[in-house]
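An overview of the molecular structure
These are the residues of each chain, in order.
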Amino acid sequence: MFKIRPHHLMCMQAYIGKGYSKDFIENMDFIVKSLKENQNQIIQIVGLNDDICTKCPNNINGFKCSSNDKVLSIDGKIVKLLDLKMEEYNYKTLLEKLRENFSEERFKEICGKCQWYKYGICEKIFKEKGFI
Ligand code: SF4
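Here we summarise the structure given alongside this text. Everything numeric in this text was worked out from a predicted model, so none of it was measured. The written sequence of each chain sets the order in which its residues are numbered from 1. With pLDDT at 70 or above as the cut-off, local features in this predicted model cover only qualifying residues; side-chain atom pairs require 80 or more to be listed or tallied, and sums for whole chains, interfaces and linings still use all residues. Think of the side-chain values as coming from all heavy atoms in the structure, minus any hydrogens and water.

What follows covers the overall build of the protein. Here a strand is any run of E in DSSP of at least two residues, a helix any run of H or I of at least four, and the numbering for each starts at the N terminus. Helix and strand content of the protein: six helices and five strands. For the protein, the α and β elements follow one another from N to C terminus as β-α-α-β-β-β-α-β-α-α-α. Throughout, radius of gyration means the C-alpha value; the globule benchmark is 2.2 Å times the number of residues raised to the power 0.38. The C-alpha atoms of the protein give a radius of gyration of 14 Å, which matches the 14 Å a tight globule of 132 residues would have. Taking the principal axes of its C-alpha atoms as reference, the protein extends roughly 35 × 30 × 25 Å. To sort residues, take the accessible area from a 1.4 Å probe on protein chains only and compare it with the maximum for the residue type: under 20% means buried, over 50% means exposed, and anything in between is partly exposed. Of all 132 residues assigned to the protein, the portion counted as buried reaches 39%. Residue contacts are counted whenever heavy atoms from the two residues lie within 4.5 Å of one another. Here the contacts in the protein between residues at least 6 apart in sequence split such that 71% fall between residues at least 24 apart. Residue burial considers only the protein chains on display, and all accessible areas are found by Shrake-Rupley using a 1.4 Å probe. About 7600 Å² of surface is accessible on the protein, with carbon and sulfur atoms providing 50% of the total. In this tally, Asp and Glu contribute negative charge and Lys and Arg positive charge; neither His nor the terminal groups of the chain are included. Lysine's charge is taken at NZ, arginine's at CZ, aspartate's at CG and glutamate's at CD. Across the protein, the 22 positively charged side chains and the 18 negatively charged ones have centroids separated by 4 Å.

Turning next to a nonpolar patch on the surface. A cluster of nonpolar side chains, namely Leu48, Phe63 and Leu72, defines an oily patch on the protein surface of about 260 Å² accessible area. For Phe63, the position within the fold is in the loop between strand 3 (59-60) and strand 4 (64-65). Patches here are clusters of residues that have more than 30% relative accessible area and form no salt bridge, with a 9 Å joining cutoff for like charges and a 5 Å cutoff for nonpolar side chains (Val, Leu, Ile, Met, Phe, Trp, Tyr). A carboxyl oxygen of Asp or Glu within 4 Å of a side-chain nitrogen of Lys or Arg is what we treat as a salt bridge.

What follows covers the environment of Lys64. With respect to the secondary-structure elements, Lys64 resides in strand 4. Through-space distance from the C-alpha of Lys64 to that of Cys53 is 9.0 Å; in sequence the pair is 11 residues apart. Leaving out residues up to four positions away in the same chain, Lys64 has contacts with Asn49, Asn58 and Asn59.

To continue, consider the sheet that holds strand 2 (residues 42-45). Ordered in space as 1-2-5, the three strands form an open sheet in which the pairing is mixed. Two strands lie at the open edges of the sheet, namely strand 1 (2-4) and strand 5 (88-90), each paired on one side alone. When strand polarity is set aside, the average angle formed by the axes of neighbouring strands in this sheet is 40 degrees. One requirement defines pairing of two strands: DSSP has to find at least two bridges between them. Direction of pairing for strand 1 relative to strand 2: parallel, over a ladder of three bridges. Looking at strand 2, one finds that Ile4 is bridged to Ile45. Fitted lines through C-alpha atoms give the axes, limited to the stretch in contact for helices. The angle between two N-to-C directions lies from 0 to 180 degrees. Each of strand 1 and strand 2 is contacted by helix 2 (residues 22-37), which is oriented at about 110 degrees to strand 1, the strand it contacts most. Helix 4 (residues 91-101) contacts strand 2 and strand 5 of the sheet and is inclined by roughly 80 degrees relative to strand 5.

Okay, here's the thing in structure tokens:
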């Protein structure tokens, strides 16, 4: 079971092997590959740092991000959009929720202030995968 914070549900869909450090990328590769191979895994939604943050250089003492206010704000928007609780979910169910509720307008509103937004990679991939 992976512990995942809300906005990482989206980041994982647009992930193309780029990230903050070698350790971060290796860990993210492992999680994304594992979930792609078996979408019936259980995900525990968490409100703070998760299994992706664990290997991130921006992780402060295991429970905070160096951009904490920004990431908590994005997490909050995803919680609202997908009506999430801090509970366990089947990953496939979370993907279905994302497909049902995400849109181009919501993508801009939720992800617009993320540092990766300006590269246009997420938008391109979300469109290709039919999320927006
Ligand atoms: S610590 Fe911050 S930047 Fe790093 S993965 Fe977690 S939320 Fe993202």
